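Architecture at a glance
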Amino acid sequence: MGPFDYYVYSNSLVDTMKQLDEVPLKAVGDSWVRLGDVGKAVDSSAVQYNIVRVGGQKSTYVPIMKQGGDTNTIAVVDGVRELIKHLYDVPANLKATLLFDQSVFVKEAINTVMHEGLIGLVLTGIMILLFLGNVRATGAVLLSIPLSAFATVVILKLMGPRSTP
């Protein structure tokens, strides 16, 4: 509509545009404001705003996004990779590939956290050994840090995912 694109979410399907005009949007008193009261539903083709090219070849770009805070990015990407392997009834010249993989960044972040945690553990042990000169205290710290991290992960796993209101 002019310079604006409106996204209308509908959880049901209609057969005709006339039926879509009858979809209620809001209750005002005892009556409903219907889509046909504020606009007109028309069946039209989408205006193409861009052209996607991959390696110079015309392509179709289908973004797949995970929903919700309790979904696992790595599991979603692995699932999409598996589904791509099992596509059927597609033209022979169709090549389905992943162009952007967010799980690479998630995996790298996990590796970085593990690496930095290990460096922190070693440096903490060296500092305690240097300043206290006590091997027993150093050993206690070197055992307590990983155990406390492990206990935290176990408690978080037992609590399960939390959804925000």
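Residues numbered from 1 in each chain as written. Predicted model: local features only at pLDDT ≥ 70, side-chain atom pairs only at ≥ 80, totals over all residues. Heavy atoms only, no water.

Our focus in this paragraph is the overall build of the protein chain. A count of helices and strands for the protein chain gives five helices and four strands. Traced from its N-terminal end to its C-terminal end, the protein chain shows the element sequence α-β-β-α-β-β-α-α-α. Scored against the burial criterion, the 165 residues of the protein chain give a buried share of 8%. Within the protein chain, contacts between residues at least 6 apart in sequence are counted, and of these 27% link residues at least 24 apart. (Helix = DSSP H or I, 4+ residues; strand = E, 2+ residues; numbered from the N terminus. Buried < 20%, exposed > 50% of the residue type's maximum accessible area, 1.4 Å probe, protein only. Contact = heavy atoms within 4.5 Å.)

Describing two packed helices takes the angle between their axes plus the distance from one axis to the other. Running from N to C, helix H3 (residues 73–85) and helix H4 (residues 103–132) point in directions that differ by 140 degrees, and their axes come no closer than 9 Å. One way to sum up the angle between H3 and H4 is to call them oblique. For the element pair H3 and H4, the recorded crossing hand is left-handed. Seen from H3, the contacting residues are Thr-73, Ile-74 and Val-77; seen from H4, they are Ser-103, Val-106, Lys-107 and Ile-110. (Axes fitted to C-alpha atoms, helices over the stretch in contact; angles between N-to-C directions. Parallel < 35°, antiparallel > 145°, perpendicular 65-115°, else oblique. Left-handed = near helix turned anticlockwise from the far one by under 90°.)

Parts of the model with low pLDDT should not have their predicted coordinates read in detail. Per-residue confidence for the protein chain gives a mean pLDDT of 82, with 86% of residues at or over 70. Confidence, read as mean pLDDT per element, is least for strand S4 (residues 57–59) in the protein chain (80) and greatest for H4 (92). (pLDDT = per-residue confidence, 0-100.)

Attention now goes to the packing of H4 against helix H5 (residues 135–159). Running from N to C, H4 and H5 point in directions that differ by 160 degrees, and their axes come no closer than 9 Å. Between H4 and H5, the interaxial angle falls into the category roughly antiparallel. The element H4 and its partner H5 pack so that their crossing is right-handed. Listed contacts from H5 to Leu-121, Thr-124, Gly-125, Ile-128, Leu-129 and Leu-132 of H4 are Val-135, Ala-137, Thr-138, Val-141, Leu-142, Ile-145 and Pro-146. Its residues placed into classes, the contact of H4 with H5 shows ten nonpolar, three polar and no charged. (Nonpolar A, V, L, I, M, F, W, Y, C, P; charged D, E, K, R; others polar.)

Together, Leu-118, Ile-119, Val-122, Leu-123, Ile-126, Met-127, Leu-130 and Phe-131 give the surface a local cluster of nonpolar side chains, amounting to about 800 Å² of exposed area. Tracing the chain through its elements places Ile-126 in helix H4. Overall, the relative accessible area of 41% leaves Ile-126 in the partly exposed class. (Patch = residues over 30% accessible without salt bridge, like charges linked within 9 Å, V, L, I, M, F, W, Y side chains within 5 Å. Areas by Shrake-Rupley, 256 points an atom, 1.4 Å probe, with all protein chains shown as cover. Salt bridge = Lys/Arg side-chain N within 4 Å of Asp/Glu carboxyl O.)

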